[in-house]
Amino acid sequence: MAEREPTNSPTRWLPALAGLAGLSWALAIGMVIGVDLARGPNLLSPLHLIFHAVALITGIITFWPLERWLGLPGLTVEGTLGGWLLLTTIAIVPAPTGSLLDPPDTPVYALMLFAVFLSVAAIVRPVIAVLSRRWLALKAWAHDNRRVRRESYEVGIFVAAALALAALRALDPIKLVALAVIVVLVEIILLSLIGVDTAERA
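Since the model is a prediction, treat every value here as computed from it, not as a measurement.

Re the packing of aromatic side chains
Summed over all chains, the structure comprises two aromatic pairs. Taking 6.5 Å as the distance between ring centres and 35° as the angle between the ring planes, the aromatic pair formed by Phe 114 and Phe 117 counts as tilted. One end of the pair is Phe 114 and the other is Phe 117, both in helix 4 (residues 106-135) and three residues apart, which spans about a single turn. For Phe 114, a relative accessible area of 42% gives the class partly exposed. Given the relative accessible area of 18%, Phe 117 is considered buried. Residues Phe 117 and Tyr 153 carry aromatic rings whose centres are separated by 5.7 Å and whose planes lie at 45° to one another, so their mutual orientation is tilted. Within this pair, whereas Phe 117 is found in helix 4, its partner Tyr 153 is found in helix 6 (residues 145-167), the two being separated by 36 residues in sequence. Counting every residue linked through ring pairs, the aromatic cluster contains Phe 114, Phe 117 and Tyr 153.

Spelled out as C-alpha cells, the structure:
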C-alpha cells in the first residue's frame, strides 16, 4: 500500500507560496516600471531600501520552497542574488548606450550579464531536476544534483553569451545554433569524464 504523504510536506504549501511569490514579483516589477529609482538623490533612501527589501524577499519566497522541495542546495542564495541584481540593474543603473566593448558601458553590461546568468541558472535548475527525475531511467543520473547544477549553469552561460553577442551586435541565427552546439558538446564531454555523483541522491 502506498504511504500517505506527510501533512507537513513542503508540497502542501507550494500553491500558497506560489501565489505569494507571484504577488511579490508583481510588486517588484511594478516598482521597476512605475517608480523612477534611477534619478533618486540618495540610493539608500527609504524608497530604495523598500525596493531592495522587496527584491530580496521576492527571491527568497520564490526559490526557498523549491530548494526544500527538490533538495537543491544553494538555489535560494543564487536565485535571490541573481533576481536582486537583475532588478536593481534594470531599475537603478543607467542603461548603456554603446556596445559591450565601449569602456563606459562595459561594467554595466558585465553586471547585467552576471545577473542574467545567475537568474537563468536558478530558474532552469528546478526544471532540469524535475524533468530528470521524471524521465531519466537511470536513477543515479536522475538524482545527481551536481549534474543538475552544472547543466543549469550551462544554460545560464548560453543565455548570457547570446546577450553578449547581441551587445556586440554580432548575434545571428548561425552563431546562436553554434553556441548551443558548443554547450551540448561540452556537457557530453563532462558527462563522459566526470560521470555521476551518487553521493547527492535525493
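So that's the structure; there's more coming.
A few points about the pattern of salt bridges
Throughout the structure, instances matching the rule amount to four salt bridges. Linking Glu 151 and Arg 147 is a salt bridge whose minimum nitrogen-to-oxygen distance equals 2.9 Å. In this pair, Glu 151 and Arg 147 are both assigned in helix 6, four residues apart and thus about one turn of the helix distant. You can call Glu 151 buried: its relative accessible area is 17%. Arg 147 sits in the buried class, given a relative accessible area of 3%. In this structure, the salt-bridge partner of Glu 187 is Arg 150, at a minimum N-O distance of 3.0 Å. One end of the pair, Glu 187, is in helix 7 (residues 173-194); the other, Arg 150, is in helix 6, with 37 residues separating them in the sequence.

Notes on the side chain of Thr 88
Mapping Thr 88 onto the fold places it in helix 3 (residues 75-91). The residues contacting Thr 88, other than those within four sequence positions of it, are Phe 51, His 52 and Val 93.

What counts and how
- Residues numbered from 1 in each chain as written.
- Predicted model: local features only at pLDDT ≥ 70, side-chain atom pairs only at ≥ 80, totals over all residues.
- Heavy atoms only, no water.
- Phe/Tyr/Trp six-rings, centres within 6.5 Å; stacked < 30°, edge-to-face > 60°.
- Helix = DSSP H or I, 4+ residues; strand = E, 2+ residues; numbered from the N terminus.
- Buried < 20%, exposed > 50% of the residue type's maximum accessible area, 1.4 Å probe, protein only.
- Salt bridge = Lys/Arg side-chain N within 4 Å of Asp/Glu carboxyl O.
- Contact = heavy atoms within 4.5 Å.

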